[in-house]
Amino acid sequence: MMLAPATFSTEQYQQEGCTGPIQFCSLEEAAAWREQFYQAIGQEESNPQPTDHNLSAFHHRHRWAYDICSHPTIVDAMSKLLGSDDVVLWAMHFWYKEPGNGKFIPWHQDANYWPMDPAINATAWVALGETFVDNGCLRLIPGSHTKVYEHTEQSSDSAFAQGISGVDESNAIDVEMQPGQAVFFNEHMLHGSKPNISSTARVACSIRYTTPEVTFAMEEWGGDKERIKTFLVKGEDRFHNNDAIIGTIPE
Ligand SMILES: O=C(O)CCC(=O)C(=O)O
């Protein structure tokens, strides 16, 4: 099933854990950013290949990626969804699937992995290229955010070691998107995606936002510590809980 045409509603987000997609930039802007993405991984869009490039935290290294993360339309949406005038950007990751990429991303809830206290997050999942069922578009289960699921070991064709097995997919939606669209979901939303069985690469990224009162327990975080840096993209930080991990905007 496809998500209904572009909608943005804080009520929907509260009730279902997700809302969107919205068109936040033009097709031309999305194409220009897509080109910069390929350049950054040393490839050309006309010949997308597997990559072993580090796909995390592009916004620490590339100004164009920071510009996507701090795009006023996305930040404004985040402010509404988080219900806060103060918005902190804390992570970004590219979810690139070249044609024929056979890995699936298992159903999971992001809060299961993150060192945040309290676990408050809104993700903007941004399509820089077209996403559709056959290239492994994002899948969501609206309403699934009200329950915490157990994450267990996955098979070798899973992109993650841990995920949720045996999920009832009857209410799952395939979020097919145009370049320059963003869909939003919270930290407990069940989401994942299938392999790319098409000849079109899927170029997309997730951008994570929270509010200044959240503390990142970096000592508990087993992942790459450089991945998590905070950038105040709107308002004020009256808490200073994360001054030790403030990021630097690239030139
Ligand atoms: O892009 C995908 O297929 C999965 C994205 C994801 O897991 C996330 O944004 O947390």
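The structure under discussion appears in the preceding block.
Everything numeric here is computed off the predicted structure, so don't read it as measured data.

**What to know about the sheet that holds strand S2 (residues 87-97)**
Pairing within the open sheet is antiparallel, and its six strands lie in the order S1-S10-S5-S12-S2-S14. Edge positions in the sheet fall to strand S1 (18-23) and strand S14 (231-234), since each has one partner strand and no second. Here the average twist between neighbouring strands, direction ignored, is 30°. Here S1 pairs with strand S10 (residues 181-186) via four bridges, running antiparallel. Bridge pairing in S10 links threonine 19 to phenylalanine 184. The strands that helix H5 (residues 72-82) touches are S1, S2, strand S5 (122-127), S10, strand S12 (202-210) and S14; relative to S5, the one it contacts most, it runs at about 150°.

**Regarding H5**
Helical geometry note: an α-helix holds 3.6 residues per turn, so side chains three or four residues apart project in the same direction. Taken together, the buried positions of H5 are occupied by Ile74, Ala77, Met78, Leu81 and Leu82. Axial view of H5: buried residues confined to an arc of 120°, hence all on one face. For H5, the elements touching its buried residues are helix H1 (10-16), S1, S2, S5, S10 and S12.

**Here's the deal with the site of the ligand**
In the vicinity of the ligand, the contacting residues are Trp95, Ile105, Asp110, Thr123, Trp125, Leu138, His191, Ser193, Ala204 and Ser206. Elements with a contribution of two residues or more to the shell around the ligand: S5, strand S11 (191-193) and S12. The residue makeup of the shell around the ligand, split by class, is five nonpolar, four polar and one charged.

Cut-offs applied
Residues numbered from 1 in each chain as written. Predicted model: local features only at pLDDT ≥ 70, side-chain atom pairs only at ≥ 80, totals over all residues. Pairing = 2+ DSSP bridges. Helix = DSSP H or I, 4+ residues; strand = E, 2+ residues; numbered from the N terminus. Axes fitted to C-alpha atoms, helices over the stretch in contact; angles between N-to-C directions. Contact = placed C-beta atoms within 7 Å. Buried ≥ 20, exposed ≤ 12 C-beta atoms within 10 Å, placed from the backbone. Arc of directions from axis to C-beta. Near = placed C-beta within 6 Å. Nonpolar A, V, L, I, M, F, W, Y, C, P; charged D, E, K, R; others polar.

Remember, this is a structural readout, not a statement about activity or role.
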